[in-house]
There are 4 protein chains.
Amino acid sequence: MEESFAPYVRRVYYYETDKMSVVHHSNYIRWFEESRIDFMRHAGLDCAMLEGEGILMPVTGVEAKYRSSIFFDEDFSVRPHLVYFNGVRASFRYEIRAVKRDVLAVTGESWHCFIDEKTRAPVNLKRMSPWFYARALELVEGENKRR
Amino acid sequence: MEESFAPYVRRVYYYETDKMSVVHHSNYIRWFEESRIDFMRHAGLDCAMLEGEGILMPVTGVEAKYRSSIFFDEDFSVRPHLVYFNGVRASFRYEIRAVKRDVLAVTGESWHCFIDEKTRAPVNLKRMSPWFYARALELVEGENKRR
Amino acid sequence: MEESFAPYVRRVYYYETDKMSVVHHSNYIRWFEESRIDFMRHAGLDCAMLEGEGILMPVTGVEAKYRSSIFFDEDFSVRPHLVYFNGVRASFRYEIRAVKRDVLAVTGESWHCFIDEKTRAPVNLKRMSPWFYARALELVEGENKRR
Amino acid sequence: MEESFAPYVRRVYYYETDKMSVVHHSNYIRWFEESRIDFMRHAGLDCAMLEGEGILMPVTGVEAKYRSSIFFDEDFSVRPHLVYFNGVRASFRYEIRAVKRDVLAVTGESWHCFIDEKTRAPVNLKRMSPWFYARALELVEGENKRR
């Protein structure tokens, strides 16, 4: 079943710009995170709930291609997609667009694992968080059909 | 006894500037923290050691006056002074200068309390961390004589 | 005439927390800015329009009292009030609350001046930006009646 | 001729940590920048001088692999290497290590182009900044011999 989620949208803050008068490139990495957490909450994969179970989801890798700048006060949208999940690792792809100008600004990907908050050892969500595991599988399968 | 500490010095990072081409005002608040933690380590009040004892030192207030801008790639110095300490509360004053131009850029103050990391209840360092208490009293008295 | 504006509301981002597991104190200073620019846009004092006229509105001072922590994933609200304006200087007061817990977390104030983007010299908006001047006076008078 | 540069070293700031009690992953991207600008200055490719000639060097892509966490108050080192340069594009590789623990924490790469500050059009440094061009070629050749 295909599911569709509203993109994550907000306006650029002043403090996100740098002396080139555009958004500093490190902030797009933060926008990936904002949109990922927002998407996960709406999709039934609440990050705060997972942390409540003592499981963290650190970033193990990130990649971004900056195609076009975004400016102060502009609305931007981010569309995150869960493109890989096997209970032990997950990966998301992102597209950031300048809304009014309808320009693709940044694309990227992030990779994640799941660890026990106390021991910091990797965990398999199939055993440790079945509700998250089932829902994430469902989403990634829907996503793969769409592509 | 008067003690003297080297000021905290470093260069402005590109990502600390904003589209006005100067350091964003929120970053000076972060520089207060950088210089405070550096000063405390050199003065024998190591923050990481205090945290190792389960005691946090949160900021309860902060104030900054922006007198002059600092620019990308400039060296700046911060001189933090411990101006109040009673085992329960502490306060620091700061002076940020552009080193080469020898210009006073920002002055400010921060207020702190001490809390138990687990209960988040206020603690008195006289009982909970005697080494920190004794050393901080010594410093604040030296500071008050100087003024 | 009394005017009323919706508070600025959004959720805490993961990257805004620190190792105390609460929002880092410097970020509240950034939230003041976010809410101020949002308020100004809704109130007819668009910051981006002012910058389009070559006028910047730097922060000359800021003050914050941290009364209670805000946590990851919480909704917070900020109510900014224009409490002083004379064409040359302006001042805003802020109240940040944790929405669900209905707790007052941070109060603060910021001071501003207006400068020419090129010369960086102070300007009087009465002459340089009459639309902004008239509207800001109207707002500050409404605000003063309310208090 | 092989040249050797001291790595970029500094301590982790409190505000760079997040609620996982480690450095937030977006900050490593900022450390790449800090170390790149520091390296360029020491290597005779001063970024501020290039900007003085009206040429900006934006980031067109970035990639990071997070292998191990870095903690508050630790010293870290970054070794940037100029691995590609043709006058129009450049690329750097980075290795971030926890100094005392001697652990490789993050590796990454960044890609850059050169643009005119006013027109934002790409420029070729062979024509626009011969001193930078000659020195960068020299460095990238030295780097390629070493590998």
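Whatever comes next refers back to the structure up there.
Between the two copies of this chain, the relationship is a rotation about some axis together with a displacement along it. When chain B is fitted onto chain C, the two copies agree to an RMSD of 0.0 Å after a turn of 180 degrees and an axial shift of 0.0 Å. One copy is carried onto the other by what is essentially a two-fold rotation axis. If distances are taken from each C-alpha of chain B to the rotation axis, the shortest is found for glutamate 63 of chain B, at 2.1 Å. In this assembly the copies share their binding face: 100% of the residues contributing to the interface of chain B also contribute to that of chain C.

In this section: the pattern of salt bridges. For the structure on display, the rule yields 48 salt bridges over all chains. Salt-bridge contacts for arginine 97 of chain C lead to aspartate 102 of chain C; the nearest nitrogen and oxygen are separated by 3.2 Å. Residue aspartate 102 of chain C is classed as exposed on the basis of its relative accessible area of 53%. A cluster of three or more residues bridged by salt bridges with shared partners is formed by Arg11, Asp73 and Asp75 of chain A together with Asp38 and Arg41 of chain C.

Attention now goes to empty space enclosed by the protein. Evaluation of the coordinates by the stated rule reveals six cavities of 30 Å³ or more. By volume, the largest cavity amounts to about 240 Å³. Taken together, 22 residues make up the lining of the largest cavity; nearest its centre are Asn27 and Arg30 of chain A, Arg30 of chain B, Arg30 of chain C together with Arg30 of chain D. Elements supplying a minimum of two residues to the lining of the largest cavity: helix 1 (25-42) of chain A, helix 1 (25-42) of chain B, helix 1 (25-42) of chain C together with helix 1 (25-42) of chain D. A per-class count over the lining of the largest cavity returns four nonpolar, 10 polar and eight charged. Estimates place the volume of the second largest cavity at around 50 Å³. Lining the second largest cavity are Arg30 of chain A, Tyr15 and Arg30 of chain B together with Tyr15, Glu16, Asn27 and Arg30 of chain D. For the lining of the second largest cavity, a count of residues per class yields two nonpolar, one polar and four charged.

Taken together, the contacts link 24 residues of chain A with 24 residues of chain D. In total, chain A and chain D occlude about 2,100 Å² of area from one another, counting both sides; carbon and sulfur atoms represent 51% of this. Three residues, Met20, His25 and Arg30 of chain A, lead the burial of chain A against chain D; their summed loss comes to 27% of the area buried on that side. Across the contact surface, chain A and chain D share two salt bridges. Between glutamate 51 of chain A and lysine 19 of chain D there is a salt bridge whose closest N-O contact spans 2.3 Å.

Once that is clear, we can look at the interface of chain B and chain C. Taken together, the contact between chain B and chain C spans 24 residues of the former and 24 residues of the latter. For the chain B face of the interface with chain C, the top three residues by lost area are Met20, His25 and Arg30 of chain B, together amounting to 27%. For the pair chain B and chain C, the number of links is two salt bridges. The interface formed by chain B and chain C holds 14 residue pairs in polar contact (both at pLDDT 80 or more) in total. Of all elements in the fold, only helix 1 and strand 3 (59-66) of chain B reach the threshold of two or more residues within the side of chain B that touches chain C. With eight residues, the top contributor of residues to the side of chain B that touches chain C is strand 3 of chain B. Its residues assigned to classes, the side of chain B that touches chain C comprises 10 nonpolar, six polar and eight charged.

With that settled, consider the packing of aromatic side chains. Taken as a whole and judged by the stated rule, the model has 56 aromatic pairs over all chains. Ring centres 5.6 Å apart and planes at 75 degrees place the aromatic pair tryptophan 131 of chain D and phenylalanine 132 of chain D in the edge-to-face group. Judged by its relative accessible area of 2%, phenylalanine 132 of chain D is buried. Put simply, the rings of Phe5, Phe32, Phe39, Phe92 and Tyr94 of chain A touch in pairs and so form one group of aromatic residues.

All names here are of chain A. As for its position among the elements, glutamate 143 is in helix 4 (residues 130-146). Here glutamate 143 falls in the buried class, since its relative accessible area comes to 8%. Along the chain, glutamate 143 and serine 26 lie 117 residues apart, while their C-alpha atoms are 27 Å from each other. Apart from the residues within four sequence positions on either side, glutamate 143 is in contact with His81, Leu82 and Val83. Reaching out from glutamate 143, the side chain makes a polar contact with the side chain of histidine 81 at a distance of 3.1 Å.

Here we take up helix 1 of chain C. Residue and element names in this part refer to chain C. With 18 residues, helix 1 extends 27 Å from end C-alpha to end C-alpha; this agrees with the ideal 26 Å at 1.5 Å per step. Among the 18 residues that make up helix 1, 16 are buried, leaving the element largely enclosed by the rest of the structure. Looking one or two places after helix 1, you find glycine 44, whose phi comes out positive at around 85 degrees.

What follows is about the packing of helix 1 of chain B against helix 1 of chain C. Contact geometry for helix 1 of chain B and helix 1 of chain C: axes closest at 9 Å, N-to-C directions at 175 degrees. Comparing their axes, helix 1 of chain C and helix 1 of chain B come out roughly antiparallel. Contacts between helix 1 of chain B and helix 1 of chain C involve His25, Ser26, Asn27, Ile29, Arg30, Glu33 and Arg36 of chain B from the first element and His25, Ser26, Asn27, Ile29, Arg30, Glu33 and Arg36 of chain C from the second.

Of note, alanine 48 of chain D is situated in helix 2 (residues 47-52). For the pair alanine 48 of chain D and isoleucine 37 of chain D, spaced 11 residues apart in sequence, the C-alpha separation works out to 8.9 Å. Leaving out residues up to four positions away in the same chain, alanine 48 of chain D has contacts with Phe72 and Asp73 of chain B.

Let's shift gears to the relation of the copies chain A and chain D. For the pair chain A and chain D, the superposition axis carries a translation of 0.0 Å, the fit reaches an RMSD of 0.0 Å, and the rotation angle comes to 180 degrees. Here 100% of the interface residues in chain A have copies in chain D that are interface residues too; the copies meet face to matching face.

Basis of the calculations
Here the residue index of a chain counts from 1 through its sequence in written order. For this description, chains carry letters from A and ligands carry numbers from 1, given in the order in which they are written. Two thresholds apply to this predicted model, a pLDDT of at least 70 for residue-level local features and 80 or more for giving and counting side-chain atom pairs, whereas whole-chain, interface and lining totals are computed over all residues. Here the side-chain values reflect all heavy atoms present in the structure, with hydrogen atoms and water set aside. Here the copies were fitted onto each other by least squares, based on C-alpha atoms from residues at pLDDT of at least 70 in both. We call two residues contacting when some pair of their heavy atoms lies within 4.5 Å. The term salt bridge refers to a pairing of a side-chain nitrogen on Lys or Arg with a carboxyl oxygen on Asp or Glu at a separation within 4 Å. The classification of residues rests on relative accessible area computed with a 1.4 Å probe and restricted to protein chains. Under 20% of the type maximum is buried, over 50% is exposed, and intermediate values are partly exposed. A cavity here means a set of 1 Å grid points, computed over protein atoms only, where a 1.4 Å probe fits but cannot escape. A pocket is an open set with protein on both sides within 12 Å along at least 5 of 7 lines, and lining residues have an atom within 4 Å of a point. Grid points are joined across faces, edges and corners, and a volume is the space filled by probe spheres set on the points. Put simply, DSSP marks the helices as runs of H or I at least four residues long and the strands as runs of E at least two long, and each gets a number from the N terminus on. Residue type decides the class: Asp, Glu, Lys and Arg count as charged, Ala, Val, Leu, Ile, Met, Phe, Trp, Tyr, Cys and Pro as nonpolar, and the leftover types, Gly among them, as polar. Buried area is understood as the total, over both parts, of accessible area removed when two parts are fitted together, assessed with a 1.4 Å probe. As used in this structure description, the phrase polar contact means that two N or O atoms lie within 3.5 Å; if the pair is within protein, one of them must be able to donate a hydrogen and the other to accept it, and residues adjacent in sequence are counted only when both atoms belong to side chains. Pairing of aromatic rings covers Phe, Tyr and Trp, the last counted by its six-membered ring, and requires centre-to-centre distances within 6.5 Å; plane angles under 30 degrees mean stacked, over 60 mean edge-to-face, and any other angle means tilted. Multiplying 1.5 Å by the helix residue count minus one yields the expected span of that helix. What counts as an axis is a line fitted to C-alpha atoms, over the stretch in contact for a helix, and the angles between N-to-C directions run from 0 to 180 degrees. For classification purposes, an angle smaller than 35 degrees is called roughly parallel, one larger than 145 roughly antiparallel, one from 65 to 115 roughly perpendicular, and anything else oblique.

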